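# Structural overview for review
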Amino acid sequence: MRKTIETDVLIIGSGPAGYTAAIYAARANLKPHLVSGLEPGGQLTITTDVENYPGFGEVIQGPWLMEQMKEQALKVGTEFHNDIVSKVEFDKNPFYAETDSGIEFITKAIIIATGAQARWLNIESENKFKGFGISACATCDGFFFKDQNIIVVGGGNSAVEEALYLTNFASTVTLVHRRDKLRAEKILQERLFNHPKIDVIWNHVVNEFIGSDEPLSLKEVKLRNVNDNTEKVINATGAFIAIGHDPATSLFKNKIKMDDENYIITKPDSTETNIKGVYAAGDVKDKVFRQAVTAAGMGCMAALEAEKYIAENY
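Further remarks concern the packing of aromatic side chains. Counted according to the given criterion, the structure contains 11 aromatic pairs. When the centroid spacing of 5.4 Å and the interplanar angle of 75° are considered together, the rings of phenylalanine 145 and phenylalanine 240 count as edge-to-face. Remark: phenylalanine 240 occurs in strand β17 (residues 238–241) and phenylalanine 145 occurs in the loop between α4 (138–141) and β11 (149–153); sequence separation between them is 95 residues. Comparing phenylalanine 145 with phenylalanine 240 shows no difference in burial state: the two are buried. Look at phenylalanine 193 and tryptophan 202: their rings are 6.2 Å apart centre to centre, the planes differ by 55°, and that puts the pair in the tilted class. An aromatic cluster is defined as three or more aromatic residues linked by ring pairs; in this entry it consists of Phe143, Phe144, Tyr165 and Phe169. In this structure, lysine 108 is placed above the aromatic ring of tyrosine 314, and the distance from its NZ or CZ to the ring centre is 4.9 Å. A cation over an aromatic ring shows up here: lysine 130 above the ring of tryptophan 120, its NZ or CZ 4.1 Å from the ring centre.

Let's shift gears to the nonpolar core. Counting 33 residues, the largest nonpolar core has Val9, Ile11, Tyr53, Leu65, Ile111 and Tyr279 as the members making the most contacts within it. Breaking this core down by element, the ones donating at least two residues are β1 (3–12), α1 (16–27), α2 (62–75), β8 (103–112) and α7 (292–313). With nine residues, α7 is the largest single contributor of residues to this core. When sequence neighbours within four positions are dropped, the list of residues in contact with valine 9 reads Leu30, Pro32, His33, Thr107, Ala109, Ile111, Ala306 and Ile310.

Scanning the model with the defined rule gives one disulfide in all. Cysteine 137 shares a disulfide with cysteine 140; S-S distance 2.1 Å. Note on the cysteine 137 and cysteine 140 pair: the S-S dihedral is about 70°, so by sign convention the disulfide is right-handed. A relative accessible area of 15% places cysteine 137 in the buried class. A relative accessible area of 23% means that cysteine 140 is categorised as partly exposed.

In this section: the side chain of histidine 177. Topologically, histidine 177 is positioned in the loop between β12 (172–176) and α6 (186–194). In this view, histidine 177 contacts Gly154, Gly155, Leu182, Arg183, Ile201, Trp202, Asn203 and His204; residues no more than four positions away in its chain are not counted.

This part covers the environment of glutamate 124. Residue placement: glutamate 124 occurs in helix α3 (residues 124–129). The exposed category is assigned to glutamate 124, whose relative accessible area is 73%. Taking the C-alpha atoms as reference points, glutamate 124 and glutamate 208, 84 residues apart in sequence, are found 8.0 Å from one another.

This part takes up the sheet that holds strand β16 (residues 231–235). Across the sheet, three strands lie side by side as β14-β15-β16; this open sheet has antiparallel pairing. Only two strands of the sheet have a single neighbouring strand rather than two, namely β14 (204–213) and β16. Pairs of neighbouring strands in the sheet enclose a mean axial angle of 30°, with direction left out of account. Examined bridge by bridge, strand β15 (residues 216–225) and β16 share five bridges and lie antiparallel to one another. The partner of glutamate 220 across the bridge, within β16, is asparagine 235.

With that settled, consider helix α5 (residues 157–166). Within the sequence span of α5, burial applies to Ala159, Val160, Glu162, Ala163, Leu164 and Leu166. The inward-facing, buried residues of α5 abut α4, β11, β12, α6, β13 (198–201) and β17.

Turning our eyes to something else, we now look at the environment of arginine 178. Position of arginine 178 relative to the elements: it lies in the loop between β12 and α6. Arginine 178 sits in the partly exposed class, given a relative accessible area of 49%. With residues up to four places along the chain from it excluded, the contact list for arginine 178 reads Asn203, His204, Val205 and Val226.

Definitions and limits used
- Residues numbered from 1 in each chain as written.
- Predicted model: local features only at pLDDT ≥ 70, side-chain atom pairs only at ≥ 80, totals over all residues.
- Heavy atoms only, no water.
- Phe/Tyr/Trp six-rings, centres within 6.5 Å; stacked < 30°, edge-to-face > 60°.
- Helix = DSSP H or I, 4+ residues; strand = E, 2+ residues; numbered from the N terminus.
- Buried < 20%, exposed > 50% of the residue type's maximum accessible area, 1.4 Å probe, protein only.
- Lys NZ or Arg CZ within 6 Å of the ring centre and 35° of its normal.
- Core = buried A, V, L, I, M, F, W, Y, C linked by side-chain atoms within 4.5 Å.
- Contact = heavy atoms within 4.5 Å.
- Disulfide = S-S within 2.5 Å.
- Pairing = 2+ DSSP bridges.
- Axes fitted to C-alpha atoms, helices over the stretch in contact; angles between N-to-C directions.

No statement about biological role is implied by the geometric values presented.
Spelled out as structure tokens, the structure:
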């Protein structure tokens, strides 16, 4: 049985951007509805220790931070739906959206905060050690690997930038790349090759992550040579996977302007997309910073812009 809900603002996604947008929209009396999506809370729900979110003197847990944001959004009046948006129509305003469970939204403004997911290697041992030695965010977790041997997997700008950043903490950083040359910008490559803490292993891929069960922690990484299939094991207590991110934008394909990597394009100094009344906030549009605090800031911007748009047009 279908259910139709008319609202001022529909928020699609529930990470720091979505929750912050909900808080600001609710405080503006826009009575927002938020559809949580596949991964309520976003990437922070798989991040254990968070040490760089402003306002907390002690280390906090990512899932706890997301619970607190959700609680705050609920208290100021956001309506939550543990559901997935499966269809959107931006052709006319009010906009239309539909969920898997059959809810139809008629809404004056939409804030897209569906985020992005790090690409993983998708090997069994990787899942075992995620959060226990394996990460996809050096700026989030690099601090926890002081004076340790770390590997970075990848060959693009992100991988080289992460390797360089991790030299601030690690004893050694080994970049593992499946090819014999990097895709990263030349200036970054030059910095990488000249850094005394960094080694590069060419033409290798990760076959297995090896560690202890109690406590769960990474100890070694088994590599395979792509040319002759020989294997070798290197000592590493940290591994950072930097083979790219994929924004969760398939729902909006051919409906909104995106770049060649499928990140939503917004106007300068704004979260407004090419469609008036539709806004994008957080990692779904940001491939540079990808931090919880910047996502939250964009969620605030999107809600304020939506409030202004509704006031001027309704």
